[in-house]
Amino acid sequence: MNYIIEDRITLEDVANVAKRKMKIEISPKAAERINGSRKNVEKLLHSDKAMYGINTGFGGLATVKISKEEIDDLQSNLVRSHSVGVGPILDEESTRAMMLLRAFSLSRGYSGVKLETVNQIVEFLNRDIIPVVPSQGSVGSSGDLAPLAHVALAMMGEGDVIYRGKVIDASKALEIEGLKPLKYSAKEGLALTNGTQAMTAILALVLYDSKVLFENSLITASISIDALKGSTTPFDARIHELRPYEGQRYVASRIMEYLAGSEIRASHINCPKVQDAYSLRAIPQVLGAVKDTLDYVEKQLEIEMNSVTDNPLVFENEVLSGGNFHGEPMAFAADFLGIALSELGNITERRIDRLVNPLVSGLPPFLADGKAGLNSGMMMWQYTAASLVSENKVLSHPASVDSIPTSAYQEDHVSMGTIAAVKSRKIFENVSKITAIEAMIASKGVRYHLPLRTGKKIEPLVDLINSNVSHLQRDHYMGKEFEKILTIVRNENMRGMIE
């Protein structure tokens, strides 16, 4: 089953095309819109009216009029001159998502491109020809000029692409696949490079992965609660009805669900301890706020993915210049996501510390098997988590509060949205590792309470995690074992393993 570009695109559609390489096609309705918009551009070209980016220069050169004979050259020159990205190459999934979102936006029928231009994006995706797009160089307004230009450059048969697992000349990949390099006409170079699709694509995939990680983090937190003989009282629904944030109520109900039937909890139900530490007791309040932020970011993404963000926009009888390319909505959303993920990592690290800390854990010191002292056990994993948390604190500084004028003060306020999105990916990767550390340590810790078992739903997952770690009576290298646990906590089906 293909994804058909028509009237709406969802986060799941983006994931299907970017991650699972679902084929795509353009619906007749979308093709009609594209052709209609192109006819409007061609009609407007007969006038002598100055139309930004169509018969004028760009940015600070907007006052320079371009002759009719040079209009097509203007578009190709724009693509070449804007392909100035540097730094690490964007991952293939993010580039695929960016191309899909660009094709969808162009298909709305306000950008004035030819149908064959949108078809070229579709062919690239369906044949898995992925332009090499450097991750640095966008200031997030006029959209993602440099990243999008690298995609448009490859469609011209210039620059590099990733094809069959190798980086090769775009012209060579086109030749192998029997595709013709595009020659851009009026408005097309500008339409292809002007928009927020790079930051939106990166953020969409980070959010998709973060939603999976968030759900899995509720499971690892539940294991920690039982390993530390925490109380389930703080998750009582009556408490959360009095502060009815949706995320808070959701998290509390999940924790109760996962710890239902716990023999460990039943064993200390009447213990004299009155309250647990915040990292256990306030899980609904902290992780609930994280969930509410994820939901907000998804709402913003749904709007942005279904918007037209290039400039100028082509209407029936006129071309209007505006600012839909400005990435501020995505910049804020990416910064918010990074902050929320950082907090998820922060509270998780505090539980990791409690699990290995003999002053508060009630467990063997540092969960060391064999002779403690001779063996350090899980001591150093808390150091690693602390390091990742500290790195996230630096990465969480919002990129969106910065702006450096560009193009001779014409573009005098920019969003830095792509920087925010790239940072959010780095934060996500760090929090994934912190969560994997918790999963590994908590699953080990909960087994010190045998023969008592944890919640019935999470028992199988504890077994799975422990089966991937060697439990020896001496310290040993755990790097490869950790990678297995990391794969588990990032697995979309982890929750399915317990249901």
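As the structure is a prediction and not an experimental result, all values here were calculated from the model. (Residues numbered from 1 in each chain as written. Predicted model: local features only at pLDDT ≥ 70, side-chain atom pairs only at ≥ 80, totals over all residues. Heavy atoms only, no water.)

> Before we go on, may I ask you to explain unusual backbone geometry in this structure?
For residues other than glycine, phi is negative in most cases, and the peptide bonds are mostly trans. Of the consecutive residues S141 and S142, the connecting peptide bond is found in the cis state with omega at 5°. Structurally, the position occupied by S142 is in the loop between β5 (134-136) and α6 (145-155). N311 connects to P312 through a cis peptide bond whose omega is -5°. Examined against the element boundaries, P312 turns out to sit in the loop between α14 (283-305) and β8 (313-314). Positive phi, close to 55°, is recorded for K21, a residue that is not glycine. Position of K21 relative to the elements: it lies in the loop between α1 (11-18) and β2 (24-26). A positive phi is found at F366, a non-glycine position, where the angle reads about 60°. Topologically, F366 is positioned in the loop between α15 (328-356) and α16 (379-395). For F366, a relative accessible area of 26% puts it in the partly exposed group. (Helix = DSSP H or I, 4+ residues; strand = E, 2+ residues; numbered from the N terminus. Buried < 20%, exposed > 50% of the residue type's maximum accessible area, 1.4 Å probe, protein only.)

> Honestly, the pattern of salt bridges in this entry has me stumped. Any pointers?
Where charged atoms of side chains with opposite charge meet at close range, the side chains can pair. Scanning the model with the defined rule gives 32 salt bridges in all. A salt bridge links K21 to D128; the shortest N-O distance between them is 2.8 Å. Separated by 107 residues along the polypeptide, K21 in the loop between α1 and β2 and D128 in the loop between α5 (115-126) and β4 (130-131) bring together distant segments of the chain. A relative accessible area of 40% places K21 in the partly exposed class. Using a relative accessible area of 22% as the deciding quantity, one classes D128 as partly exposed. In this structure, K457 engages E257 in a salt bridge whose closest nitrogen and oxygen atoms are separated by 2.6 Å. With K457 in the loop between α17 (417-446) and α18 (459-467) and E257 in helix α11 (residues 246-259), the pair connects residues that are 200 residues apart, well separated along the chain. Residue classification places K457 among the partly exposed positions, given a relative accessible area of 31%. (Salt bridge = Lys/Arg side-chain N within 4 Å of Asp/Glu carboxyl O.)

> Please clarify how the packing of aromatic side chains should be interpreted in this entry.
Each pair of aromatic rings is reported with the distance of its centres and the angle of its planes. In this structure the tally under the stated criterion is 4 aromatic pairs. With a centroid separation of 5.5 Å and 55° between ring planes, the pair formed by Y110 and F315 is classed as tilted. Of this pair, Y110 sits in the loop between α4 (92-106) and α5 while F315 sits in the loop between β8 and β9 (319-320), placing them 205 residues apart in sequence. Residue classification places Y110 among the partly exposed residues on the basis of a relative accessible area of 32%. Their ring planes at 25° and their centres at 5.1 Å tell us that W381 and F482 sit as a pair that is stacked. A residue pair is termed long-range when its members are at least 10 positions apart, and W381 in helix α16 and F482 in helix α19 (residues 479-489) qualify at 101 residues. Residue W381 is classed as buried on the basis of its relative accessible area, which comes to 16%. (Phe/Tyr/Trp six-rings, centres within 6.5 Å; stacked < 30°, edge-to-face > 60°.)

> When you look at the packing of α14 against α15 in this model, what are you seeing that I'm missing?
Angle between the axes and distance between the axes: these two values describe a pair of packed helices. Where α14 contacts α15, the axes come no closer than 9 Å and their chain directions differ by 155°. The orientation of α14 relative to α15 falls into the category roughly antiparallel. Regarding α14 and α15, the two cross each other, and that crossing is left-handed. Contact residues: I283, V286, L287, V290, T293, L294, Y296, V297, Q300, L301 and E304 in α14; P329, M330, A333, F336, L337, A340, L344, I347 and R351 in α15. Here the residues of the contact of α14 with α15 are counted per class, giving 16 nonpolar, 2 polar and 2 charged. (Axes fitted to C-alpha atoms, helices over the stretch in contact; angles between N-to-C directions. Parallel < 35°, antiparallel > 145°, perpendicular 65-115°, else oblique. Left-handed = near helix turned anticlockwise from the far one by under 90°. Contact = heavy atoms within 4.5 Å. Nonpolar A, V, L, I, M, F, W, Y, C, P; charged D, E, K, R; others polar.)

> I tried to follow the packing of helix α3 (residues 71-82) against α6 on my own but got confused; where do I start?
Where α3 contacts α6, the two axes come as close as 8 Å, and the packing angle between them is 120°. Between α3 and α6, the interaxial angle falls into the category oblique. Between α3 and α6 the crossing geometry is left-handed. In this structure, α3 contributes V79, R80 and H82 to the contact, and α6 contributes L145, A146, A149, A152 and L153. For the contact of α3 with α6, the class distribution of residues is 6 nonpolar, 1 polar and 1 charged.

> It is not clear to me how a nonpolar patch on the surface should be interpreted in this structure. Could you clarify?
Residues Y296, F332, F336 and I339 make up a contiguous nonpolar surface patch of about 340 Å² in total accessible area. Per-element tally for the nonpolar patch: the top contributor is α15, with 3 residues. Its place among the elements puts F332 in helix α15. Overall, F332 belongs to the partly exposed group, its relative accessible area being 36%. (Patch = residues over 30% accessible without salt bridge, like charges linked within 9 Å, V, L, I, M, F, W, Y side chains within 5 Å. Areas by Shrake-Rupley, 256 points an atom, 1.4 Å probe, with all protein chains shown as cover.)

Everything listed is a geometric property; what it means functionally is a separate question.
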